[in-house]
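Structural characterization, general
If you want the building blocks of each chain, they are given just below.
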Amino acid sequence: MTTKDKAAPRSYGQACPLATAMDLLGERWTLLVVRELLLGPKKFGELGVRLAAAGPNRLSSRLDRLREAGAIEKTAAGAYTLTDFGEGLRQPVIGLAMWGLGLMQGGVDALEPRPDVIALVLTTLVSADALDGLDVTCQVQSGDDFVIDVQDGRMTVVSGRTDDPDCAHLMCSTATFIQLVSDSTTLDSAIAHGDAQIADETGDVHTLMTVLGTTVAAIRAIST
């Protein structure tokens, strides 16, 4: 552990809710730890793979501070997970990610983004009305394995694989997934061109991809 990480965390020293939040979240890597836990519980080793550049000592320090603040806890299985208090960061963090997209002047390189994080951001953009009537669990294999679940007008995204025997399976590249959710292609077209495969699907995955693509297209139209 470096001397900097051993030292007491720096504080703005202001009686301000934003300054107090930044005392905790403003340290490098902390928000990215939260990002990973927004995608579901993860063990230290899993976080270490996702945030390899942080290093184990710094990662441990960030986790300790989040635990002390009551934002995360460690399960009996040894995984870190957000507490109810920590879940309060979901909307702000995803909103910050959306704002950050505007700073990426060169756009998004389809070879670099993580599909699971893109899907996570979409959970706050798609409306309950658009998801109304959809009841689908889809295991996506697109560089990263993650699960999109839609129930009662709410969409969630969790890293890893599901044991649900009734879930649909979508297999495609990262680039194809981005094209699907950005309304640049349709699932039928991607399948026809051999860019995507789908199994155990009842039609709801096609509808979900259409809803996501339409949502992104509408937001793009408003912002241009």
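Below is a summary of the structure that appears in this document. Nothing here was measured: the structure is a model prediction, and the numbers come from that model.

Before going further, it helps to examine a nonpolar patch on the surface. A surface patch of nonpolar side chains, amounting to about 340 Å² of accessible area, comprises Tyr12, Leu18 and Met22. Using a relative accessible area of 35% as the deciding quantity, one classes Met22 as partly exposed.

Here we come to the packing of aromatic side chains. Tallied over the entire structure, the rule returns one aromatic pair. Here Phe146 and Phe177 contribute two aromatic rings whose centre-to-centre distance is 5.6 Å and whose plane-to-plane angle is 85°, an arrangement assigned as edge-to-face. Of this pair, Phe146 sits in strand 5 (residues 144-151) while Phe177 is found in helix 10 (residues 174-181), placing the two residues 31 residues apart along the sequence.

Once that is clear, we can look at the pattern of salt bridges. By the definition in use, this model includes nine salt bridges. Close ionic contact of Arg35 with Glu36 constitutes a salt bridge, the shortest N to O distance being 2.7 Å. Under the relative-accessibility criterion, Glu36 is labelled buried at 0%. Note that Arg114 is salt-bridged to Asp116, the shortest N-O span being 2.9 Å.

For the rest of this paragraph, the subject is the environment of Leu39. Within the secondary structure layout, Leu39 lies in the loop between helix 3 (30-38) and strand 1 (42-43). If sequence neighbours within four positions are ignored, Leu39 has contacts with Arg114, Asp116, Val117, Leu120, Val157, Val158 and Ser159.

Next up on the list: helix 2 (residues 17-25). All of the buried residues in helix 2 are Ala19, Asp23, Leu24 and Leu25. Buried residues along helix 2 sit in contact with helix 3 and helix 5 (56-68).

With that settled, the discussion passes to the packing of helix 7 (residues 90-101) against helix 8 (residues 115-125). One can describe the packing of helix 7 onto helix 8 by two numbers: an axis separation of 10 Å at closest approach and a directional angle of 110°. One way to sum up the angle between helix 7 and helix 8 is to call them roughly perpendicular. Note on packing geometry: the crossing formed by helix 7 with helix 8 is left-handed. In this structure, helix 7 uses Arg90, Gln91, Ile94, Ala97 and Met98 to contact helix 8, whose residues at the interface are Leu120, Val121, Thr123, Thr124 and Leu125.

Secondary-structure assignment places Arg62 in helix 5. Placed 133 residues apart in sequence, Arg62 and Asp195 show a C-alpha to C-alpha distance of 40 Å. Within the local environment of Arg62, its side chain forms a polar contact with the backbone oxygen of Arg28, the two atoms lying 2.8 Å apart.

Packed helix pairs are specified by the crossing angle of their axes together with the interaxial distance, meaning the distance between the axes. It is at 10 Å that the axes of helix 8 and helix 10 come closest, and there the two elements cross at 15°. With respect to helix 10, the element helix 8 is oriented roughly parallel. With respect to the hand of their crossing, helix 8 and helix 10 are arranged in left-handed fashion. Residues Pro115, Ile118, Ala119 and Leu122 of helix 8 form the contact with helix 10, whose participating residues are Thr174, Phe177, Ile178 and Val181. Taken together, the residues that form the contact of helix 8 with helix 10 break down as seven nonpolar, one polar and no charged.

The rules behind these values
Residues numbered from 1 in each chain as written. Predicted model: local features only at pLDDT ≥ 70, side-chain atom pairs only at ≥ 80, totals over all residues. Heavy atoms only, no water. Patch = residues over 30% accessible without salt bridge, like charges linked within 9 Å, V, L, I, M, F, W, Y side chains within 5 Å. Areas by Shrake-Rupley, 256 points an atom, 1.4 Å probe, with all protein chains shown as cover. Salt bridge = Lys/Arg side-chain N within 4 Å of Asp/Glu carboxyl O. Buried < 20%, exposed > 50% of the residue type's maximum accessible area, 1.4 Å probe, protein only. Phe/Tyr/Trp six-rings, centres within 6.5 Å; stacked < 30°, edge-to-face > 60°. Helix = DSSP H or I, 4+ residues; strand = E, 2+ residues; numbered from the N terminus. Contact = heavy atoms within 4.5 Å. Axes fitted to C-alpha atoms, helices over the stretch in contact; angles between N-to-C directions. Parallel < 35°, antiparallel > 145°, perpendicular 65-115°, else oblique. Left-handed = near helix turned anticlockwise from the far one by under 90°. Polar contact = N/O pair within 3.5 Å; in protein donor to acceptor, adjacent residues only side chain to side chain. Nonpolar A, V, L, I, M, F, W, Y, C, P; charged D, E, K, R; others polar.

Geometry only, nothing functional implied.
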